[in-house]
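Reading the structure
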Amino acid sequence: MRFRHPDGSTVHLAYCTNVHPAETLDGVLAQLRDHCEPVRRRLGRDRLGIGLWLARDAAHALVTDPSALRGLRTELEHRGLEVVTLNGFPYEGFGAEEVKYRVYHPDWADPERLAHTTDLARVLAQLLPDDVTEGSISTLPLAWRTAYDQERATAAHTALTTLAERLDALHELTGRSLRIGLEPEPGCTVETTRDALAPLTAIGHDRIGICVDTCHLATSFEDPHTALDALAQARVPIVKSQLSAALHAEHPHLPEVRAALAAFDEPRFLHQTRTLTAAGLRGTDDLGEALVGDALPDASPWRAHFHVPLHAAPAAPLTSTLPVLRAALARLVGGPHPLTHHLEVETYTWQALPPELRPRARAQLVDGIAAELTLARDLLTDLGLKELP
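Residues numbered from 1 in each chain as written. Predicted model: local features only at pLDDT ≥ 70, side-chain atom pairs only at ≥ 80, totals over all residues. Heavy atoms only, no water.

Points about the overall build of the chain
Counting its secondary structure elements, the chain contains twelve helices and 15 strands. Reported as C-alpha extents along the three principal axes, the dimensions of the chain are approximately 60 × 50 × 45 Å. Residues classed as buried in the chain amount to 59% of the 389 residues present. By sequence separation, contacts in the chain at least 24 residues apart represent 79% of the contacts at least 6 residues apart. Carbon and sulfur atoms make up 51% of the accessible area of the chain, which amounts to about 15,200 Å² in all. With 37 positive and 52 negative side-chain charges, the chain shows a spacing of 5 Å between the two charge centroids. (Helix = DSSP H or I, 4+ residues; strand = E, 2+ residues; numbered from the N terminus. Buried < 20%, exposed > 50% of the residue type's maximum accessible area, 1.4 Å probe, protein only. Contact = heavy atoms within 4.5 Å. Areas by Shrake-Rupley, 256 points an atom, 1.4 Å probe, with all protein chains shown as cover. Lys, Arg positive; Asp, Glu negative; His and termini not counted. Charge placed at Lys NZ, Arg CZ, Asp CG, Glu CD.)

Encoded structure:
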């Protein structure tokens, strides 16, 4: 979906396909047929943007087989879909029964991460619509924190610098300008936008910036205006923003609130949980850990890294951080000029919701994704953007 900003520039809105896990190119093509095109039709649109997730094997197949890449582009056009952004965070296995810490491997100190992201860039340069010259890729925020020492930090810095040089060369070759955004996430080396300032300033290349995920922003209790102002002051480019909402518990000391939170403690994904205390941010790596005894102070609200559907906040006594998304979006695209032109709805946890909230059929998932995009569209038009055909 495309929108015209009052300054005349185009803002792209997509939804991320990591909600439909697939490891192979055949699986990706099935996603387009079974999910993406039906969402477009449900919205009554001639064109729908998707933030494509390509696992290692799918990306490698495309970059080594020009005919397969041409076939994917043809299939996108045939189904009324367009791609200006990729989700390069998960490397493989995102559809596994247990993902948890696996999603952070390989990290930016491992050569596989650079090779994979280079493949993604080469693929995206060929998938961009004919009238679009700028693409974006979101990626792991360097590494999970526990095994990241100075040696690995130096290796990651070198890898990102090499990637920037490769993107420069790709621009010269294809005329397509691609940028990479580190996506701050709780528990990682770069947990907050503030954590991103030092490494990104050190790299100092405009092709390496940040992806602002509004669920992660909220989980870490970052104020959107303060965070985005700091990025602007440091001249860190906001490559893209993922529109998502976290799980919020206002009174975590109450037994009924603990019980409601426990329904979201599931075995597939990691749900980092945070609370803001007088002494600063406190947290656990997963929601289940927070619910055990006094592992996490409960005098103040808790937020958990669980991407809940934008249009459907959990039932009381829980809610979502949609207000944080609204505030961030107003700052991102509500001013005289957009801070980013790529927005992506990213609710990948539909099948991880408590059983009674999960879509039971493909059509229900299509309805849910369409409802999220409708909400995002309404937020954008309320900010003065005009939806384009």
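Having seen it, we continue.
Considerations on the side chain of Glu372
Tracing the chain through its elements places Glu372 in helix α12 (residues 362-382). Here Leu310 takes part through its backbone nitrogen, which lies 2.8 Å from a polar atom of the side chain of Glu372. Among residues more than four places away in sequence, those in contact with Glu372 are Val308, Pro309, Leu310, His311, Val345, Thr347 and Trp350. (Polar contact = N/O pair within 3.5 Å; in protein donor to acceptor, adjacent residues only side chain to side chain.)

Some words on the pairing of strand β8 (residues 238-243)
Most of β8 sits out of view: six of its six residues are buried. Bridging between strand β7 (residues 208-213) and β8 involves four bridges; their strand directions are parallel. Across the sheet, Ile210 pairs through a bridge with Ile238, a residue of β8. Sheet topology places β8 next to strand β14 (residues 342-345); three bridges connect them, and they run parallel. Bridging from a neighbouring strand, Gln242 pairs with Glu344 of β14. (Pairing = 2+ DSSP bridges.)

Topic: the pairing of strand β10 (residues 273-277)
Here β10 runs beside strand β11 (residues 280-284); their pairing, made up of five bridges, is antiparallel. Following the sheet pairing, Thr275 is matched in β11 by Arg282. Where β10 folds back onto β11 in an antiparallel hairpin, the turn is made up of two residues. Inspection of the sheet shows β10 paired to strand β12 (residues 302-308) by three bridges, in the antiparallel sense. Bridging from a neighbouring strand, Thr275 pairs with Trp302 of β12.

As for unusual backbone geometry
Omega for the peptide link from His105 to Pro106 comes to -10°, which places this bond in the cis form. Structurally, Pro106 can be placed in the loop between β4 (81-87) and α4 (111-127). Cis geometry marks the peptide bond from Ala316 to Pro317; its omega dihedral reads 15°. For Pro317, the position within the fold is in the loop between β12 and β13 (318-320). With a phi close to 40°, Lys100 is a non-glycine residue in the positive phi region. Take Lys100: it is sitting in the loop between β4 and α4. Given a relative accessible area of 13%, Lys100 falls into the buried group. Positive phi, normally seen in glycine, also occurs at Arg235, with a value near 60°. Mapped onto the elements of the fold, Arg235 is located in the loop between α8 (224-233) and β8.

By themselves, these are just geometric observations and shouldn't be taken as functional.
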